[in-house]
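# Analysis of the macromolecular model
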Amino acid sequence: MAKKLLIVESPAKAKTIEKYLGSDFSVRSSYGHIRDLEKGNDLGVDVEHGYTPNYVIPPDKFKTVKELKSVASKVEEVWLATDEDREGEAISWHLCEVLGLDPKSAKRIVFHEITKPAIQKAVQQPRTLDINLVNAQQARRVLDRLVGWELSGLLWKKIKGQLSAGRVQSVAVKLIVEREREIQKFEIAPYFRITADLLAPNAKGKIVSFRAESPKRFDDAAGAEQFLQKCINATFSVLDVEVRPTKRRPAPPFTTSTLQQEASRKLGFSVNRTMSVAQALYEQGYITYMRTDSTNLSELALQAISNEIVQQYGQRYQQTRRYKTKSSSAQEAHEAIRPTYVEQPVINGNRDEQRLYDLIWKRTMASQMADAELEKTTVDIGISTQPDARLKAEGEVLKFDGFLKVYLEGTDDEEEETQGMLPPLKVGQEVQLDNLTATERFTRPPARFTEAALVKKMEELGIGRPSTYAPTITKIMEANRGYVVKDSRPGEKRPFQILELRNNTITRSKSSEITGATKNVLYPTDMGMIVSDFLDQYFHKIMNYGFTAGIEQQFDDIADGKKDWSNMIDQFYKPFHQTVEKTLAEAERASGERILGNDPESGRTVLVRMSSLGKPVVQIGTGEELKEKEKPRYANLKPGKTLETVTLEEALESFALPKSLGTYEEQEVSVNTGRYGPYVKLGSQFISLPKNEDPFDVSLERAIELIKTKQEADKPLGYFEKQPITKGKGRFGPFVKWADLYVNVPARVNFDTITEKQAIELIQAKIEKEANRYIHHWPEEKISVENGRWGPYIRFGRQAIKLPKVEGGKMTADHARALTLEDVKAIIEQELPGSFDKKKKSKSK
């Protein structure tokens, strides 16, 4: 029997640690936080008495807490080994509160890697809880609840119900909104870029081509053509050759932010996916702690990495480097993210784990390797007919690969060009012109944020900390918020001109390119823009980037014991609450309304705005323009258009739907858009349009193609009891349909090749399950007694209600069958007082 209980957050972590401890320890998991602020209709914070939090154990943690209490009562000591950051410290403190441990004496161990030496060393050096770290986490949680609670309530009344706001999330949305407006306001300007393909002999005497470019850009085709005209019959000669050695240094080992950015660039991982995989690697003992803003490596790690580099690549490739963390607030951990055993370049695990580990291993190794040595050559080429003009050619030769043997850091710059090798050139040497080309190019607006680029920006501004980046970005993209979407959108075709001088003759041609195409970038929705503008107008201080960063610094001061957390909350909350009250009383409802002009047919006002249902709509006619009892005309905004950018002509096009396309199988075919998006309609049948397909561009031929595809998919795959069985895919995944019954198709059955026999088996199982579901069913009362996984229970409307115990034990199905409707109503009334008051009042009336 174990004498000590060690509690960690996750079962995976518990499993790994248990291997390294003797029989004295029993290792259990708390499955994350076991308490949180009360939810529902309660603020969960007592603002009148020092902002005291009201912590409760959520129902899904009842079983975990019960098991931990049971094990704790049977051991001599309880040890706490949650993560070493503020969140982990807070979990340990909550465990003390729930298990009746004294925070001043309870043994707490910390480690930044789950290896046998690290765990055993931690057990030899236990400490007590750091209450300052707990208070810093508590301050963040309380402040975020206060801000979120009050702002969300305000948004419900001033914009739309079910909206929400958060202190850091709202600022992150503002970043995305501001970037979108930068892009919208950006004026794209054309220019002409001059490039020359020149010929010269290489070291072996073979004539090779190399490229040079004019440093000067031309604003229009006339200027570019004039430059080319002056180059007719010109000779080109080398004016200057500069050869200089350069070095490229490796990037530091990963922090949380740089790992998220690089995993996005190289692996295509979302921020959330990166952190989930990194968590799994840490818990299995493969990497050090993954929430850190430190680039430091321990002396032990430096020695191990150095030995591995020398062994694999030789002494010349090794160069010890001690990186200094730029962030003054680096407090989450004391070391960068690195492999726990650098001698292990490959691990067992799923594909995501192997790929992320490989990235971490390579980055760590490269950080301690020698510089890459290059030789950069710059050549100035003169034009005999234009003494003041120059062409510039650049080449690069890698002399020693150094860290590049292992790893090269990615970049967000889409236009970065790699430089090739130049032939040997001497001053005064003439080179032959193959062609001189002026290509029309266009200035580019700023790029939209990817998830990783947003993390980088937040880190630069000091908004959030390593533990908050991923949750913040996940929150703002939640569908029920509707503020930000991650999307890939097709671009538009754009023509451009090309002028080419070849054999002393200038030719003109035209080509085209796709511009504006995006992949997995963040777009603000109309609702996101309206909410961001509203908050920025009335809560400018909170939405200020510097202020938000200042709050983070105050949390750091609390963690360092320099500031009292309740005083910090008080200084923030009182003026904030007054602003909320003032805004509630004075602010108008925000709808993003924008008047576009007048309808040419009726002369009435055309405007766009956000409807009360949260949908962007076009409206024709306002109050004073309408006759008595007449309503305005409404249409949904066309896909891809926004309230801020739509024009009058585009808005009026929205009224073209529904549009009749013709007939098929003697039935009318029409196209329209509805609650679930655009669709084609054939008689009473609805066929959804594929994503990114514009309903306004759908032809009769395309509609018939979609109808035929749908009809083919809807063909019965078989029959059961003389009724057809069909299949489809819905919001909960693939299903088969028989009569009025929908049956989910489990993963073990291949949906694409499902047979009639397999479908019938699923249907029969569902029928049997439904038959055994109800013990009592009173549909007119919306009450039933049903068999559940943990025994019978009452369902009242959408609520599940536990049945009372019988003779000290759980009520069985046999006991439940004896219940009458009145018995069940009495149980409901006891659990949910007043449930039947309305019915009684209506009967008395």
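Now for a quick tour of the structure. (Residues numbered from 1 in each chain as written. Predicted model: local features only at pLDDT ≥ 70, side-chain atom pairs only at ≥ 80, totals over all residues. Heavy atoms only, no water.)

### Here we look at the packing of helix 8 (residues 256–267) against helix 12 (residues 451–461)
Helix 12 packs onto helix 8 with a crossing angle of 155° between their chain directions and a minimal axis gap of 8 Å. By the criterion of interaxial angle, the relationship of helix 8 to helix 12 is roughly antiparallel. Handedness of the helix 8/helix 12 crossing: left-handed. In contact with S257, Q260, Q261 and S264 of helix 8, helix 12 contributes A452, V455, K456 and E459. Per-class residue counts for the contact of helix 8 with helix 12 are two nonpolar, four polar and two charged. (Axes fitted to C-alpha atoms, helices over the stretch in contact; angles between N-to-C directions. Helix = DSSP H or I, 4+ residues; strand = E, 2+ residues; numbered from the N terminus. Parallel < 35°, antiparallel > 145°, perpendicular 65-115°, else oblique. Left-handed = near helix turned anticlockwise from the far one by under 90°. Contact = heavy atoms within 4.5 Å. Nonpolar A, V, L, I, M, F, W, Y, C, P; charged D, E, K, R; others polar.)

### Structural notes on helix 3 (residues 86–99)
Over its 14 residues, helix 3 extends 20 Å from the first C-alpha to the last, a length consistent with the 20 Å expected when each residue adds 1.5 Å. Helix 3 sits mainly inside the fold: twelve of its 14 residues count as buried. Along helix 3, the residues classified as buried are R86, G88, E89, A90, I91, S92, W93, H94, L95, C96, V98 and L99. Within two residues after helix 3, G100 carries a phi angle of roughly 75°, on the positive side. (Expected span 1.5 Å × (residues − 1). Buried < 20%, exposed > 50% of the residue type's maximum accessible area, 1.4 Å probe, protein only.)

### Side note on the pattern of salt bridges
Pairs may arise between side chains of opposite charge once their charged atoms sit close together. One pass over the structure, following the stated rule, counts 52 salt bridges. In this structure, R316 and E373 form a salt bridge, with 3.4 Å as the shortest nitrogen-oxygen distance. Separated by 57 residues along the polypeptide, R316 in the loop between helix 10 (299–313) and helix 11 (351–367) and E373 in strand 12 (residues 372–383) bring together distant segments of the chain. (Salt bridge = Lys/Arg side-chain N within 4 Å of Asp/Glu carboxyl O.)

### A short note on the packing of aromatic side chains
Per the stated rule, a full pass over the model turns up 17 aromatic pairs. Linked through ring pairs, Y51, F539, F547, F572, Y573 and F576 together constitute an aromatic cluster. Over the ring of F696 we find K638; its NZ or CZ atom is 4.4 Å from the centre of that ring. Over the aromatic face of F836 sits the side chain of K825, whose NZ or CZ is 5.4 Å from the ring centroid. (Phe/Tyr/Trp six-rings, centres within 6.5 Å; stacked < 30°, edge-to-face > 60°. Lys NZ or Arg CZ within 6 Å of the ring centre and 35° of its normal.)

### Topic: the sheet that holds strand 31 (residues 774–778)
What holds strands together in a sheet is hydrogen bonding between their backbones, with the strands either parallel or antiparallel. Ordered in space as 31-32-33-34, the four strands form an open sheet in which the pairing is antiparallel. The strands lining the two open edges of the sheet, one partner per strand, are strand 31 and strand 34 (799–802). Averaged over all neighbouring strand pairs, the angle between strand axes comes to 20°, with direction disregarded. In the packing of helix 19 (residues 756–773) onto the sheet, the strands contacted are strand 31 and strand 32 (783–786), and the crossing angle to strand 31 comes to about 70°. Taken strand by strand, helix 21 (residues 821–831) contacts strand 31, strand 32, strand 33 (793–796) and strand 34, and its axis lies near 95° from that of strand 32. (Pairing = 2+ DSSP bridges.)

### What to know about the side chain of Q261
Note that Q261 resides in helix 8. Assessed through its relative accessible area of 6%, Q261 is described here as buried.

### So, the sheet that holds strand 20 (residues 605–610)
Read across the sheet, four strands follow the order 19-20-21-22 without closing on themselves; strand pairing throughout is antiparallel. Across the chains shown, the open sheet's two edge strands, defined by having one partner strand only, are strand 19 (594–598) and strand 22 (633–636). Direction aside, neighbouring strands of the sheet carry axes that sit 25° apart on average. The sheet contact formed by strand 20 and strand 21 (residues 616–620) spans five bridges and is antiparallel. Directly across from V606, in strand 21, lies its bridge partner I620.

### With respect to the pairing of strand 14 (residues 430–442)
Note: strand 9 (residues 190–201) against strand 14, ten bridges, orientation antiparallel. For P190, the partnering residue across the bridge sits in strand 14 and is F442. With two bridges connecting them, strand 11 (residues 236–248) and strand 14 associate as antiparallel partners. For S237, the partnering residue across the bridge sits in strand 14 and is E430. In the sheet, strand 14 pairs with strand 16 (residues 492–502) via four bridges, with the strands oriented antiparallel. When the bridges of strand 16 are listed, A438 appears paired with L499.

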